Amino acid sequence: MTHACCPGSYDPMTSGHLDVIERAARQFDQVTVLVTHNPNKQGMFNVEERMDLIRQCTQHLDNVQVDSWPKLLVDYTSAQGISCLVKGLRSAADYEYEAPMAQMNRRMTGIETLFVEADPKYGHVSSTLMKEVVRYGGSVEGLVPEPVLHALQRRLK
C-alpha cells in the first residue's frame, strides 16, 4: 500500500491545495493531509479549525485523512509509514524554497518528495493573498473551496 503526505500550514486551504491533494489521491492508496504548525506563529485559523476545513473540502476523497504535527515532519512520516511527500509548486520561487527541505528530509530518513506543478489557473493563489483580498472586500470565489470562502468571510468581515 502506498501512503503519501501533503504537508502544509493550510491557513487556509486554497483551491490550489485541493487540486494537488486530489491529484495525489489518484496516485496513492492513502494520502494524509498534514497540518504542520509552528507554536511561535499565530495563524488566522487555529490548527483544529484548519483541520476541520480540510475535512469538509476533502470529504469526497475516500482515501484522504487529515492530521496535524508540531515537530519534525520526518518523525511523523517515519512513524506513520509514509513513503512520499507531495508538494505543489506554483513557481520557481516555490522550488527554491522547497528543494532544500526535500533534500534534508531525504538525507534524514530517505523519504522522497514528489513536486507537482500547480494547475496554471491557481498559479497566483496563496493563502496569504486570499486572506488579504477578502480582508479588503474582494472576491476569491473559485480560488478557495466553498467552506473556506464562508469561513474567511465570517472571520474577516
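For clarity, every value in this text was computed on a predicted model and none was experimentally measured. (Residues numbered from 1 in each chain as written. Predicted model: local features only at pLDDT ≥ 70, side-chain atom pairs only at ≥ 80, totals over all residues. Heavy atoms only, no water.)

Undergrad: In this structure, what is going on with the side chain of S127? I would like to understand it.
TA: Mapped onto the fold, S127 is located in helix 5 (residues 127-135). For S127, a relative accessible area of 13% puts it in the buried group. At 2.6 Å, the side chain of S127 and the backbone oxygen of P12 are in polar contact. Those residues in contact with S127 that lie beyond four places of it in its chain are D11, P12, T14 and H17. (Helix = DSSP H or I, 4+ residues; strand = E, 2+ residues; numbered from the N terminus. Buried < 20%, exposed > 50% of the residue type's maximum accessible area, 1.4 Å probe, protein only. Polar contact = N/O pair within 3.5 Å; in protein donor to acceptor, adjacent residues only side chain to side chain. Contact = heavy atoms within 4.5 Å.)

Undergrad: Help me out: how do you make sense of the packing of aromatic side chains in this one?
TA: Aromatic ring pairs are defined here through the distance separating the ring centres and the angle between the ring planes. Taken as a whole and judged by the stated rule, the model has 2 aromatic pairs. For the ring pair Y95 and F115, a centre distance of 5.6 Å and an interplane angle of 70° mean the geometry is edge-to-face. With Y95 in helix 4 (residues 92-109) and F115 in strand 5 (residues 112-117), this residue pair connects regions lying 20 residues apart in the sequence. By relative accessible area, which is 38% here, Y95 ends up partly exposed. (Phe/Tyr/Trp six-rings, centres within 6.5 Å; stacked < 30°, edge-to-face > 60°.)

Undergrad: Help me understand the pattern of salt bridges, please; the structure alone is not making it clear to me.
TA: Opposite charge on two side chains allows them to pair when their charged atoms are near. The full count for this structure, using the stated rule, is 7 salt bridges. Linking R155 and E49 is a salt bridge whose minimum nitrogen-to-oxygen distance equals 2.7 Å. Linking R155 in helix 6 (residues 146-156) with E49 in helix 2 (residues 47-58), this pair joins segments that are 106 residues apart in sequence. Notably, a salt bridge pairs R90 with D94, separated by 2.9 Å at the nearest N-O pair. The network of salt bridges with shared partners includes D11, R50 and K131. (Salt bridge = Lys/Arg side-chain N within 4 Å of Asp/Glu carboxyl O.)

Undergrad: Got a minute to help me understand the packing of helix 5 against helix 6 in this structure?
TA: Angle between the axes and distance between the axes: these two values describe a pair of packed helices. One can describe the packing of helix 5 onto helix 6 by two numbers: an axis separation of 9 Å at closest approach and a directional angle of 55°. As judged from the angle between their axes, helix 5 and helix 6 are oblique. Here helix 5 runs over helix 6; the crossing is right-handed. Of helix 6, the residues touching helix 5 (which contributes K131, V134 and R135) are L152, Q153 and L156. (Axes fitted to C-alpha atoms, helices over the stretch in contact; angles between N-to-C directions. Parallel < 35°, antiparallel > 145°, perpendicular 65-115°, else oblique. Left-handed = near helix turned anticlockwise from the far one by under 90°.)

Undergrad: Just checking my understanding: could you explain the pairing of strand 4 (residues 84-89) for this structure?
TA: Put simply, side chains in a regular strand alternate between the two faces of the sheet. Across the 6 residues of strand 4, 5 count as buried, placing the element largely inside the fold. When strand 4 meets strand 5, the two strands line up parallel, connected through 6 bridges. Among the inter-strand pairings, G88 is bridged to a residue of strand 5, identified as V116. Crossover strand 4 to strand 5 through helix 4 is right-handed. (Pairing = 2+ DSSP bridges. Right-handed = clockwise from strand over helix to strand, strands pointing away.)

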